[in-house]
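Structural overview for review
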Amino acid sequence: MALIVHKYGGTSMGSTERIRSVAKRVAKWARAGHQLIVVPSAMSGETNRLLALAKDVSPAQQTAAMLRELDMIACTGEQVSVGLLSLALQAEGMEAVSYTGWQVPVRTDSAYTKARIQSIDDARVRADLAAGRVVVITGFQGVDEDNNVTTLGRGGSDTSAVAIAAAMKADECLIYTDVDGVYTTDPRIVPEAKRLHTISFEEMLEMASLGSKVLQIRSVEFAGKYRVPLRVLSSFTPWDIDITEEAASGTLITFEEDEKMEQAVVSGIAFNRDEAKVTVLGVPDKPGIAYSILGQVAEANIDVDVIIQNVSHDGKTDFSFTVHRNDYQRTLDLLKTKVLPATGAAEVLGDAKICKVSIVGIGMRSHAGVASTMFRALSEEGINIQMITTSEIKTSVVIDEKYMELAVRALHKAFDLDASIEPTAESAD
Ligand code: ADP
Ligand code: ASP
Ligand code: MG
């Protein structure tokens, strides 16, 4: 008997018919002798609908008091889901009980709309499991030390599931979604994308942090920290497929630098439209200038991603960086009102129509010339690179948003990802 956590995303929970199908799949696993904890998301579109209602009532959601109410609203989507799924499980003849985050409780900090999980009390859940119940727990939410409801950021149910799996020391966490695994890139953008049978934890972390929304980044961080066996698989296969076949399907996130000597240099391509670029022109080029700009930005709690500083001319330089689009206006205002007067810079410019495209692969560690292949592929398509950033296993470029799909397709081809790169379990035998 194993303890298994299943997570079902919004599309998988998208209608009462799909919820019944989820219940049948969960019941199949429980009847096979496993203990099951299920973490569903809100039904697809529901979180957007709830947040749109909030926006309608209060277009400016900035203050902590406003963000608190946003969480109060957004968390209800998952509450409906757990209730419906428990009912569907009971209709399947299973004993099932649903809990919201605060009932478990899942303790978080108080950073409304992007709270971090701090601890999870396992007592109540363990008692239910021991009594033979399937436990259904809301994704995406928790409660802070003052008993305020919090949410974990968009896509946060992945993190709930992995954190619960870690806290419960589950044998496996299965993330059921609307694709049958992690692909070389988003299959919605490149239909030729291929499913990866395995992906290393480090690569998955980069893919998620660079924009592949198939897993929320914090869920991958949790999986790495607590070594949670994690698999991404489809909830759209027939619910009654053979359980052994299902358990081996999808994409397994691996923690070993394994035997894949022949693996492709680049494993995947990620992209992100969530950033905006700001540039401070004509900054005096002297020690401390980066700090005098970015220090203010950090103080305002704005995360900075790609940064470049140009060579100086006549003692002046230009300084550019990217921030999340949600923080774009706030960053521009801050630069104009505080940084310009303090530094004596000439002007502040902004561009929200950019995107970041990245190639990811642990094979890049041991291969030279990978970045130049990337730059060549982009230049052949006439795409201008505005910013570049690299690390050991990724290279990212910032380009005009309108070229994003073209760039992703060109890179997918340039790194031979259109051709199948890894044998699947079935064909490897
Ligand atoms: P869920 O509602 O189940 O959490 P998401 O929409 O959050 O599902 O994530 C699944 C989606 O992630 C897929 O439909 C796919 O379009 C997208 N996606 C982005 N990058 C990838 C990738 N590299 N591999 C697979 N799916 C990806
Ligand atoms: N329902 C939340 C969202 O839409 C959390 C999730 O689906 O993971 O972002
Ligand atoms: Mg998701």
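Please read these numbers as outputs of a predicted model, since none were measured by experiment.

**Some remarks on the packing of aromatic side chains**
For the structure on display, the rule yields 4 aromatic pairs. Taking 5.6 Å as the distance between ring centres and 35 degrees as the angle between the ring planes, the aromatic pair formed by Phe-201 and Phe-255 counts as tilted. Here Phe-201, found in helix 7 (residues 201-209), pairs with Phe-255, found in the loop between strand 12 (251-254) and strand 13 (268-272); they are 54 residues apart in sequence, far enough to count as distant.

**Section: the pairing of strand 18 (residues 354-360)**
Within strand 18, 7 of the 7 residues are buried, which leaves it mostly tucked inside the rest of the structure. Burial along strand 18 is two-sided: Ile-354, Lys-356, Ser-358 and Val-360 facing one way and Cys-355, Val-357 and Ile-359 facing the other are all buried. With 5 bridges joining them, strand 13 and strand 18 adopt antiparallel strand pairing. Counted as the bridge partner of Asn-272 is Lys-356 from strand 18. Judged from the 7 bridges that link them, strand 18 and strand 20 (residues 394-400) form a sheet pairing that is antiparallel. Looking across to strand 20, one finds that Val-360 is bridged to Lys-394.

**Examining the packing of helix 3 (residues 64-74) against helix 4 (residues 76-91)**
The contact between helix 3 and helix 4 brings their axes to 5 Å, and the two run at 20 degrees. Our classification of the angle between helix 3 and helix 4 gives roughly parallel. Contacts between helix 3 and helix 4 involve Met-72, Ile-73 and Ala-74 on the former and, on the latter, Thr-76, Gly-77 and Glu-78.

**A word on the UniProt feature "domain: ACT" (unreviewed entry) in the protein chain**
The sites that carry the UniProt feature "domain: ACT" (unreviewed entry) are, in the present numbering, residues 278-353 and 359-429. This span, residues 278-353, is 36% helix and 36% strand, and a straight line between its end C-alpha atoms measures 11 Å.

**Here we look at the UniProt feature "binding site: ATP" (unreviewed entry) in the protein chain**
The feature "binding site: ATP" (unreviewed entry), as annotated in UniProt, sits at Lys-7, Tyr-8, Gly-9, Gly-10, Thr-177, Asp-178, Tyr-183, Arg-188, Lys-213 and Val-214 in this numbering. Note on Tyr-8: relative accessible area 0%, which makes it buried. Every residue in contact with Tyr-8, bar those within four places of it in the chain, is listed here: Met-13, Val-22, Arg-25, Val-26, Val-38, Val-39, Pro-40, Ser-41, Tyr-176 and Ser-235. Of the polar contacts made by the side chain of Tyr-8, one reaches the side chain of His-6; its length is 2.9 Å. Mapped onto the elements of the fold, Thr-177 is located in strand 9 (residues 172-177). With residues near it in sequence (within four places) discarded, Thr-177 still touches Ser-12, Val-232, Leu-233, Ser-234, Ser-235 and Phe-236. One polar contact links Thr-177 to Asp-178, side chain to side chain, over a distance of 3.3 Å.

The rules behind each value
Residues numbered from 1 in each chain as written. Chains lettered and ligands numbered in written order. Predicted model: local features only at pLDDT ≥ 70, side-chain atom pairs only at ≥ 80, totals over all residues. Heavy atoms only, no water. Phe/Tyr/Trp six-rings, centres within 6.5 Å; stacked < 30°, edge-to-face > 60°. Helix = DSSP H or I, 4+ residues; strand = E, 2+ residues; numbered from the N terminus. Buried < 20%, exposed > 50% of the residue type's maximum accessible area, 1.4 Å probe, protein only. Pairing = 2+ DSSP bridges. Axes fitted to C-alpha atoms, helices over the stretch in contact; angles between N-to-C directions. Parallel < 35°, antiparallel > 145°, perpendicular 65-115°, else oblique. Contact = heavy atoms within 4.5 Å. UniProt positions renumbered as here; feature names shortened; annotations may be inferred. Polar contact = N/O pair within 3.5 Å; in protein donor to acceptor, adjacent residues only side chain to side chain.

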